[in-house]
Amino acid sequence: MNGKTLVVTSGKGGVGKTTVTANLGLALARLGSRVCLIDMDLGLRNLDLVLGVEQRIVYDLVDVARGECRLQQALIHDRRESRLYFLPAAQSVGQNAVSSADLVRLVAGLRESFDFVLIDCPAGIEAGFATAIAAADAALVIVMPEVASVRDADRVLGLLERRGLRDVQLLVNRMRPEMAERNDMIGVTDLEELLGVPAIAVLPDDPEIVVSTNRGEPVALNPHARLRRHFDQLAIAVAGQQLHVLDGIPPSGFLQRLKALFA
Ligand code: ADP
Ligand code: MG
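Residues numbered from 1 in each chain as written. Chains lettered and ligands numbered in written order. Predicted model: local features only at pLDDT ≥ 70, side-chain atom pairs only at ≥ 80, totals over all residues. Heavy atoms only, no water.

Now for the overall build of the protein chain. In terms of regular secondary structure, the protein chain is built from twelve helices and eight strands. The C-alpha atoms of the protein chain give 18 Å as radius of gyration, which agrees with the globular expectation for 263 residues (18 Å, within 12%). Taking all 263 residues of the protein chain together, the buried fraction comes to 54%. When contacts within the protein chain are restricted to residue pairs at least 6 apart in sequence, those whose partners lie at least 24 apart make up 77%. Total accessible area on the protein chain is roughly 11500 Å²; 47% of this is exposed by carbon and sulfur atoms. (Helix = DSSP H or I, 4+ residues; strand = E, 2+ residues; numbered from the N terminus. Rg over C-alpha atoms; globule rule 2.2 N^0.38 Å. Buried < 20%, exposed > 50% of the residue type's maximum accessible area, 1.4 Å probe, protein only. Contact = heavy atoms within 4.5 Å. Areas by Shrake-Rupley, 256 points an atom, 1.4 Å probe, with all protein chains shown as cover.)

In structure tokens, the structure reads:
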């Protein structure tokens, strides 16, 4: 097996990287793929909380990198989706605790057994980001329809290009179609045009996410959750069975202002 390693990144914090990593991982596993999630947010881990497996952590990524345990001892096997595994981040360490070489070696091993390795990136473009992208062969850049998020995504896209990563797509998160229709929010077409990268999916802003995160029950597991369908479609697109799952949201008047920002 030669799995695909996808880094979920954004530059800006709080845009949905961890939420997307958890739910996309679950949805891909339900589709039939073997999936391993890696929390690279060293020091500020919370993918374990979103997945609801924080009580099960014994060893973590840093223990594995330092040779203090075997990979199999640190991997958490999800009890709800049998094809999903999770490698947690360490808590009281800095972003340098795992080197690029360590992560590249670890991921090379995981690709033998998994169809997808998803890496949840820390915020920012410092050491943890550099390590995470070093090990990836594709990137999903999460962007919110807000000026600060767009500017950070643009910066990240430049760094991904410099690293030679070609397989890069946008995921627009927390879209509010009614605001985009009123031209109060930047639209998806504008985002794609500004950033020069196609959007693989658009996720609406949905308070159910907050409730699910607090409970450690990702929406992708809840058959009644509105967003589950979106994550299933995203998983199909990521698995290459379909190219676009756009919801067709009209362009907005933010384009001029954003263009000026990037000029
Ligand atoms: P990051 O990992 O990029 O810092 P998180 O995934 O932790 O971001 O999400 C930040 C906050 O935004 C969390 O409280 C999460 O529940 C919320 N959130 C993420 N996506 C959505 C969404 N589509 N609708 C509503 N809230 C969301
Ligand atoms: Mg996060």
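Let us now look at helix 6 (residues 127–134). All buried positions along helix 6 are accounted for by G128, F129, T131, A132 and I133. In this fold, the buried residues of helix 6 make contact with strand 1 (4–9), helix 5 (100–113), strand 5 (116–120) and helix 7 (147–162).

Another point: the site of ligand 1. Every one of the 14 residues lining ligand 1 counts as a neighbour, but G14, K17, T18, T19 and D206 are closest to it. Side-chain polar atom of T18 to an oxygen atom of ligand 1: 2.8 Å apart, as the coordinates give it. Counting only elements with at least two residues in the shell around ligand 1, the list comes to helix 1 (17–31), strand 7 (168–175) and helix 10 (208–215). By residue number, the principal contributor to the shell around ligand 1 is helix 1, which donates three residues. A per-class count over the shell around ligand 1 returns three nonpolar, seven polar and four charged. (Near = heavy atom within 4 Å. Polar contact = N/O pair within 3.5 Å; in protein donor to acceptor, adjacent residues only side chain to side chain. Nonpolar A, V, L, I, M, F, W, Y, C, P; charged D, E, K, R; others polar.)

What follows concerns the state of the cysteines. A covalent bond bridging the sulfur atoms of two cysteines is what the word disulfide describes. In total, this model carries zero disulfides according to the counting rule given. Looking at C36, it has no disulfide partner, and the nearest cysteine sulfur is the one in C69, 13 Å off. Left without a disulfide partner, C121 is nearest to the cysteine sulfur of C36, which lies 15 Å away. (Disulfide = S-S within 2.5 Å.)

This brings us to the side chain of N173. Within the secondary structure, N173 is located in strand 7. Ignoring anything within four residues of it in the chain, the contact list for N173 reads V15, G16, I142, V143, M144, P145 and L203.

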